[in-house]
Amino acid sequence: MKDPGFIYVVRFWIAPEARDRIMDWLTGGHIRDVVACPGFLWCRSLDLGERDEKGWHAHAMIYGIESAQKFQAYQADKLLQQRFVEQRKDFAHLLRIERFAGDVTLSQDR
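Within every chain, residues take consecutive numbers counted from 1 along the sequence as written. For a predicted model such as this one, the threshold for reporting local features is a pLDDT of at least 70, and the threshold for listing and counting side-chain atom pairs is 80 or more; totals across whole chains, interfaces and linings nevertheless cover every residue. Side-chain descriptors were evaluated using all non-hydrogen atoms of the structure, hydrogens and water having been removed beforehand.

Quick look at the layout of surface pockets now. Taking a probe equal in size to a water molecule and rolling it over the atoms shows the remaining empty space. The definitions used throughout rest on a 1 Å grid laid over the protein atoms alone, on which a cavity is an enclosed set of points accommodating a 1.4 Å probe that cannot get out and a pocket is an open set flanked by protein within 12 Å on both sides along at least five of seven lines; lining residues are those having an atom within 4 Å of a point. Grid points are joined across faces, edges and corners, and a volume is the space filled by probe spheres set on the points. Approximately 280 Å³ is the volume found for the largest pocket. If you go around the largest pocket, you meet 19 residues; those closest to its centre are Y8, V10, H30, R88 and R99. Secondary structure elements with two or more residues in the lining of the largest pocket: β1 (6–14), α1 (19–35), β3 (57–65), α2 (68–76), α3 (78–88) and β4 (95–103). The element that contributes the greatest number of residues to the lining of the largest pocket is α1, accounting for five residues. Amino acids outside the nonpolar list (Ala, Val, Leu, Ile, Met, Phe, Trp, Tyr, Cys, Pro) and the charged list (Asp, Glu, Lys, Arg) are all regarded as polar, and Gly is one of them. Classifying every residue of the lining of the largest pocket by side-chain character gives 14 nonpolar, three polar and two charged. Put simply, DSSP marks the helices as runs of H or I at least four residues long and the strands as runs of E at least two long, and each gets a number from the N terminus on.

Helix axes use the C-alpha atoms of the stretch in contact, all axes being lines fitted to C-alpha atoms, and the angles between their N-to-C directions lie in the range 0 to 180 degrees. Look at α2 against α3: their axes get within 5 Å of each other, and the N-to-C directions meet at 65°. Facing Y74, Q75 and A76 of α2, the residues of α3 in contact are K78, L80, Q81 and F84. Here the contact of α2 with α3 is built from residues that sort into four nonpolar, two polar and one charged. We call two residues in contact when some of their heavy atoms are within 4.5 Å.

The nonpolar side chains of a soluble globular protein tend to be buried, and buried together. What makes a nonpolar core is a set of buried Ala, Val, Leu, Ile, Met, Phe, Trp, Tyr and Cys residues whose side-chain atoms join them at distances within 4.5 Å. Residue exposure (1.4 Å probe, protein chains only): buried if accessible area is under 20% of the type maximum, exposed if over 50%, otherwise partly exposed. Residues Y8, F12, F40, Y63 and Y74 are the most contacted members of the largest nonpolar core, which totals 30 residues. The set of elements that each furnish at least two residues to this core consists of β1, α1, β2 (40–51), β3, α2 and α3. Contact partners of F12, with chain neighbours within four places excluded, come to M23, L26, H57, A58, H59, A60, M61, L95, R96 and I97.

With respect to burial, β3 is a largely interior element, eight of its nine residues being buried. Direction of pairing for β1 relative to β3: antiparallel, over a ladder of nine bridges. Bridge pairing links I7 to G64 in β3. Note that β2 and β3 share eight bridges and pair antiparallel. If you follow R44 over to β3, its bridge partner there is I62. As consecutive antiparallel partners, β2 and β3 are separated by five residues, and within that stretch G55 has a phi angle of approximately 90°, a positive value. For two strands to pair, DSSP has to find at least two bridges joining them.

Right under this line is the structure:
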């Protein structure tokens, strides 16, 4: 696996009644579509094992990307971003998303 120079993390909370539907969307193509973007190297999915006061379940996706410039190009792709918004429109109210990203400043292997 190639070491990334940049990491993009999407932490999200899913309403209990939408968990299967949203996870099917993610694993059924969304993750693959994101990783297929230029500069994206890999994705790791995490079940964070947390629930909020309403029972919403926490997950995260961690994307390894070659560089900040590749990430900026991904974000600037208005057609791609609009396609993702359109795909989520029927369940967006059942999903809370937090995003953060940054340069890798330290990497250590065993």
